[in-house]
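Here is how the chains run, residue by residue.
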Amino acid sequence: MARAAQSQTTVETIAMLAEQIAQAAPECATQAMRIIELVNDLCAEPDRALVKDVIEAETADADLSNARIETAADAVMKAVRSRP
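Residues numbered from 1 in each chain as written. Predicted model: local features only at pLDDT ≥ 70, side-chain atom pairs only at ≥ 80, totals over all residues. Heavy atoms only, no water.

Take the overall build of the protein next. A count of helices and strands for the protein gives four helices and zero strands. Taken from N to C terminus, the helices and strands of the protein fall in the order α-α-α-α. The C-alpha atoms of the protein give 18 Å as radius of gyration, which overshoots the globular expectation for 84 residues (12 Å, by more than 25%). Put simply, the protein has 84 residues, and 18% of those count as buried. Contacts in the protein between residues at least 24 apart in sequence constitute 45% of all its contacts with a sequence separation of at least 6. (Helix = DSSP H or I, 4+ residues; strand = E, 2+ residues; numbered from the N terminus. Rg over C-alpha atoms; globule rule 2.2 N^0.38 Å. Buried < 20%, exposed > 50% of the residue type's maximum accessible area, 1.4 Å probe, protein only. Contact = heavy atoms within 4.5 Å.)

Moving on: the environment of V39. Its place among the elements puts V39 in helix α2 (residues 29-43). Each C-alpha atom of the pair V39 and V54 lies 26 Å from the other, and the pair is 15 residues apart in sequence.

To continue, consider the environment of A22. The residue A22 is located in helix α1 (residues 2-24) in this model. Note: C-alpha distance between A22 and M33 (11 residues apart in sequence) is 7.4 Å. Excluding anything up to four places from it in sequence, A22 contacts A29 and A32.

Structural data, given as structure tokens:
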């Protein structure tokens, strides 16, 4: 978990610095806001419903129960949240 917290702190620091750049150099505001958008994109989690749909589609011939698909989707979401 320490690595995830460190990554979050790094992302927040990048966003803060981009805001400071935008304020200090208004001519760079557009680029600074783009940096913030990109940082936010890095932090975005995948949509759980999309993960479940992909699991269902990829395992359609395996006849998995809905409970197994739900468990697999939960596992994917947990793994994504704990990634470094």
